[in-house]
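Now for the letters of each chain:
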Amino acid sequence: MTTQAMNTPMKATLHRRDVVNALLADRGDLLVIAGLGSTAWDISAAGDHDLSFPLWGAMGSSVMIGLGLALAKPERRVLVITGDGEMLMGLGSLATVAVQKPANLSVIVIDNERYGETGMQATHTASGVDLSQVAAGCGFKQARLVTDTNGVEALRKMVHGEPGPNFAQVKVIAEKIPLILPPREGTLLKARFRRALNGPSADAQ
Ligand SMILES: Cc1ncc(C[n+]2csc(CCOP(=O)(O)OP(=O)(O)O)c2C)c(N)n1
Ligand SMILES: [Mg+2]
C-alpha cells in the first residue's frame, strides 16, 4: 500500500481539464464512469465516448456503479472519475470496494475542495479531510495524493495496468470553466454503453 500524507495545506496548480484529458488520452477500451456535475463535463470535454457513462444525478453512487461494473467485467479496466463532493457523499462505498477487492477498478477524485457545480461552496476536503488516507485506511491496494503533472502521468499506468483497487485524489484549482455537456438522455447513455460493451445483443436485455 502506498500513501502520501498531506501534512501542510498547499495551493493547487493543476487544471482539471488538463488532468482529465491526460487521463483519458489513448483510453483504448477503458470503461469510464463519471460523477455528476463537473467531472461529467470534464470527460465530455475530453471527447464523448460510447464507453463513458456520465451520471446526471445519483450523487454519491459513482463508485458503487463502478464497482458493479468491475465485478461484472473482471477482464476489463474500469475507471471512476468523480468530484470530492460526490465522493464525500458516498464515502462508505470506499469500504465496500476495499472489501470486494476488484483488481480492475480505479477511483480518481478530482478534488477542487468545492461543490463546484452548485456555486463553489467549500467541501470538507478544504478543511483537511484526506480522501486518500480514507481509501488507504479502508484497504485499497494503492491510495495516492497527486498534486503535479508527473503524478498525473503515473496515474495513467495505474488506471490501465496496475492491480487494484486503486485510488487517487488529485488536487486541482477551483475554477469555473465552460460546460461541455454529454447527451442528456439516460436511456440513450445506458443503451449505447451496453451495446459498446456487450455488442448488439445487449439491446434485447
Ligand atoms: C443528493 C444530491 N444532493 C445535492 C445535489 C446538488 N449537487 C449537484 S452537483 C453538486 C456538487 C458536486 O461537487 P463535486 O462532486 O465536488 O463536483 P465539482 O463540481 O466540484 O467537480 C451538488 C451539491 C444533487 N444533485 N444531489
Ligand atoms: Mg468538487
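Here, the structure is the one placed above.
Let me sum up the structure you'll find in this document. (Residues numbered from 1 in each chain as written. Chains lettered and ligands numbered in written order. Predicted model: local features only at pLDDT ≥ 70, side-chain atom pairs only at ≥ 80, totals over all residues. Heavy atoms only, no water.)

### Considering the coordination of the magnesium ion (ligand 2)
1) Next: Of the protein atoms, only Asp84 (OD), Asn112 (OD1) and Arg114 (O) coordinate the magnesium ion (ligand 2), at distances of 2.1 Å.
2) Next: What makes Asp84 buried here is its relative accessible area of 1%. (Donors = N, O, S within 2.8 Å, 3.2 Å for Na, K, Ca; no water. Buried < 20%, exposed > 50% of the residue type's maximum accessible area, 1.4 Å probe, protein only.)

### Focus: the site of ligand 1
1) Next: Close to ligand 1 lie 15 residues; Ser38, Gly85, Glu86, Arg114 and Gly116 are nearest.
2) Next: With respect to ligand 1, the backbone of Arg114 contributes an N or O atom lying 2.8 Å from an oxygen atom.
3) Next: A distance of 2.7 Å separates an oxygen atom of ligand 1 from a polar backbone atom of Gly116.
4) Next: A total of 590 Å² of accessible area belongs to ligand 1 in isolation, and the protein chains cover 73% of it.
5) Next: With respect to the detected pockets, ligand 1 is housed in the largest pocket.
6) Next: When residues of the shell around ligand 1 are traced back to their parent elements, those giving at least two are helix 4 (84-89) and strand 5 (114-115).
7) Next: Broken down by element, the shell around ligand 1 gets its largest block of residues, 4 residues, from helix 4.
8) Next: Looking at the shell around ligand 1, its residues break down into 4 nonpolar, 6 polar and 5 charged. (Near = heavy atom within 4 Å. Polar contact = N/O pair within 3.5 Å; in protein donor to acceptor, adjacent residues only side chain to side chain. Areas by Shrake-Rupley, 256 points an atom, 1.4 Å probe, with all protein chains shown as cover. 1 Å grid on protein atoms, 1.4 Å probe; cavity = no way out; pocket = protein on both sides within 12 Å on 5 of 7 lines; lining within 4 Å. Sits in = over half its atoms within 2 Å of the grid points. Helix = DSSP H or I, 4+ residues; strand = E, 2+ residues; numbered from the N terminus. Nonpolar A, V, L, I, M, F, W, Y, C, P; charged D, E, K, R; others polar.)

### Here's the deal with helix 3 (residues 62-72)
1) Next: Considered for burial, the residues of helix 3 that qualify are Ser62, Val63, Gly66, Leu67, Leu69 and Ala70. For helix 3, the angular spread of the buried residues around the axis is 165°, confining them to a single face.
2) Next: On the buried face of helix 3, the contacting elements are strand 1 (31-34), strand 3 (78-83), helix 4, helix 5 (92-100), strand 4 (105-111) and helix 8 (186-198). (Arc of directions from axis to C-beta. Contact = heavy atoms within 4.5 Å.)

### Quick notes on the layout of surface pockets
Over the atoms rolls a probe the size of a water molecule, and its path tells where empty space is left.
1) Next: Considered as a void within the structure, the largest pocket measures approximately 230 Å³ in volume.
2) Next: Lining the largest pocket are 17 residues, and of these Leu36, Glu86, Tyr115, Gly116 and Glu117 sit closest to its centre.
3) Next: Among the secondary structure elements, those contributing two or more residues to the lining of the largest pocket are helix 2 (38-45), helix 4 and strand 5.
4) Next: Element by element, the count of residues in the lining of the largest pocket is highest for helix 4, at 3 residues.
5) Next: Grouping the constituent residues of the lining of the largest pocket by class yields 4 nonpolar, 8 polar and 5 charged. (Points joined across faces, edges and corners; volume = space filled by probe spheres on them.)

### Topic: unusual backbone geometry
1) Next: With an omega dihedral of 10°, the bond running from Gly164 to Pro165 counts as a cis peptide bond.
2) Next: One can find Pro165 in the loop between helix 7 (149-161) and strand 8 (166-171).
3) Next: A positive phi is found at Ala58, a non-glycine position, where the angle reads about 55°.
4) Next: Residue Ala58 is classed as partly exposed on the basis of its relative accessible area of 45%.
5) Next: Of note in this structure, Glu113 is not a glycine but carries a positive phi near 60°.
6) Next: By secondary structure assignment, the location of Glu113 is in the loop between strand 4 and strand 5.

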